[in-house]
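Letter by letter, the chains look like this.
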Amino acid sequence: MAAVSLRNSGSLLSLFSKSFFRPELNALCSYHKKVVDHYENPRNVGSLDKNKKSVGTGLVGAPACGDVMKLQIQVDENGKIVDAKFKTFGCGSAIASSSLATEWVKGKSVDEALKIKNTDIAKELCLPPVKLHCSMLAEDAIKAALSDYRLKQEEKK
């Protein structure tokens, strides 16, 4: 019995010391599990060739918090988004919003992707009001990438 108590208290002490000496663990604990999932296992991180006519690139930032988000889409000849990548410098909510946005745009047409709203992203990730700007950045990045893609299509003609 004493060994079990000692083992449990050791685990408790270990947990306490980890969160005391690694404050980022405390911050992660306050995020919703969906945000933590996308933060720890981000989907579609990377870059596409920005010089390709089939790739649209959106680069947006929020000066107030310092978050910067690059989102890229690749569109096939039928107007369907076949790939999406992102790179984000920011908090867990910004990374999660980018990750989710890339998942959502894949398989959609350009017009369908334009219908993705920040409120939908925020609701899916259960973002608190103080983090809503992260979902707004994701929506802005989608729109910027789609705009860049459409501009390249106009130049092609």
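Only a predicted model underlies this, so the values are computations on that prediction, with no experimental measurement involved. (Residues numbered from 1 in each chain as written. Predicted model: local features only at pLDDT ≥ 70, side-chain atom pairs only at ≥ 80, totals over all residues. Heavy atoms only, no water.)

Undergrad: Teacher, can you tell me more about a nonpolar patch on the surface here?
TA: A grouping of Leu59, Val68 and Phe89 is seen on the molecular surface, where their side chains present a nonpolar patch of about 340 Å² in accessible area. With respect to the helices, strands and loops of the structure, Val68 is situated in strand S2 (residues 67-75). (Patch = residues over 30% accessible without salt bridge, like charges linked within 9 Å, V, L, I, M, F, W, Y side chains within 5 Å. Areas by Shrake-Rupley, 256 points an atom, 1.4 Å probe, with all protein chains shown as cover. Salt bridge = Lys/Arg side-chain N within 4 Å of Asp/Glu carboxyl O. Helix = DSSP H or I, 4+ residues; strand = E, 2+ residues; numbered from the N terminus.)

Undergrad: Explain the pairing of S2 here, please?
TA: Residues in a regular strand project their side chains so that they alternate between the two faces of the sheet. Where strand S1 (residues 55-62) meets S2, 8 bridges bridge the pair, whose relative direction is antiparallel. Considered in S2, the bridge of Thr57 is made with Gln72. Where S1 folds back on S2, the antiparallel hairpin that results is connected by 4 residues, among which Gly66 adopts a positive phi of roughly 85°. Here S2 folds back onto strand S3 (residues 81-89) in antiparallel fashion, the turn holding 5 residues, of which Gly79 has a positive phi close to 85°. (Pairing = 2+ DSSP bridges.)

Undergrad: Help me out: how do you make sense of the packing of helix H3 (residues 33-40) against helix H4 (residues 92-105) in this one?
TA: Any two packed helices are characterised by the angle at which their axes cross and by the distance between the axes. Packing of H3 against H4 leaves a shortest axis separation of 8 Å and a crossing angle of 80°. Classified by the angle between their axes, H3 and H4 sit roughly perpendicular to one another. Note on element contacts: H4 touches H3 through Gly92, Ser93, Ile95, Ala96, Ser99, Leu100 and Glu103, opposite Val35, His38 and Tyr39. When its residues are assigned to classes, the contact of H3 with H4 shows 5 nonpolar, 4 polar and 1 charged. (Axes fitted to C-alpha atoms, helices over the stretch in contact; angles between N-to-C directions. Parallel < 35°, antiparallel > 145°, perpendicular 65-115°, else oblique. Contact = heavy atoms within 4.5 Å. Nonpolar A, V, L, I, M, F, W, Y, C, P; charged D, E, K, R; others polar.)

Undergrad: Before we go on, may I ask you to explain the sheet that holds S3 in this structure?
TA: Strands in a sheet are paired, the pairing made by backbone hydrogen bonds, and the direction either parallel or antiparallel. Spatial ordering of the open sheet is given by S1-S2-S3, a layout of 3 strands whose pairing is antiparallel. The sheet is open, and its two borders are formed by S1 and S3, each paired with just one other strand. Along the sheet, successive strands turn relative to each other by an average axial angle of 15°, direction set aside. Here S2 pairs with S3 via 8 bridges, running antiparallel.

Undergrad: Quick question: what am I supposed to make of the nonpolar core here?
TA: Note that soluble globular proteins tend to have their nonpolar side chains buried in a common cluster. With 30 residues, the main nonpolar core has Ile73 and Val105 as its most contacted residues. Sorting the residues of this core by element identifies S1, S2, S3, H4, helix H5 (110-113), helix H6 (118-125) and helix H7 (132-156) as the ones contributing at least two each. Ranked by residues supplied to this core, first place goes to H7 with 8 residues. Discounting residues that sit within four places of it in the chain, Ile73 has contacts with Leu48, Ser54, Val55, Gly56, Ile81, Asp83, Ala84, Val105, Ala145, Leu146 and Tyr149. (Core = buried A, V, L, I, M, F, W, Y, C linked by side-chain atoms within 4.5 Å. Buried < 20%, exposed > 50% of the residue type's maximum accessible area, 1.4 Å probe, protein only.)

Undergrad: How should I be thinking about unusual backbone geometry in this particular structure?
TA: The bulk of non-glycine residues show a negative phi, and the bulk of peptide bonds are trans. We note that Asn44 has phi near 65°; this positive angle belongs to a residue other than glycine. Here Asn44 shows up in the loop between H3 and S1. Accessibility expressed as a relative area gives 15% for Asn44, which makes it buried. One non-glycine residue, Cys126, adopts positive backbone phi at about 55°. With respect to the helices and strands, Cys126 occurs in the loop between H6 and H7. You can call Cys126 partly exposed: its relative accessible area is 39%.

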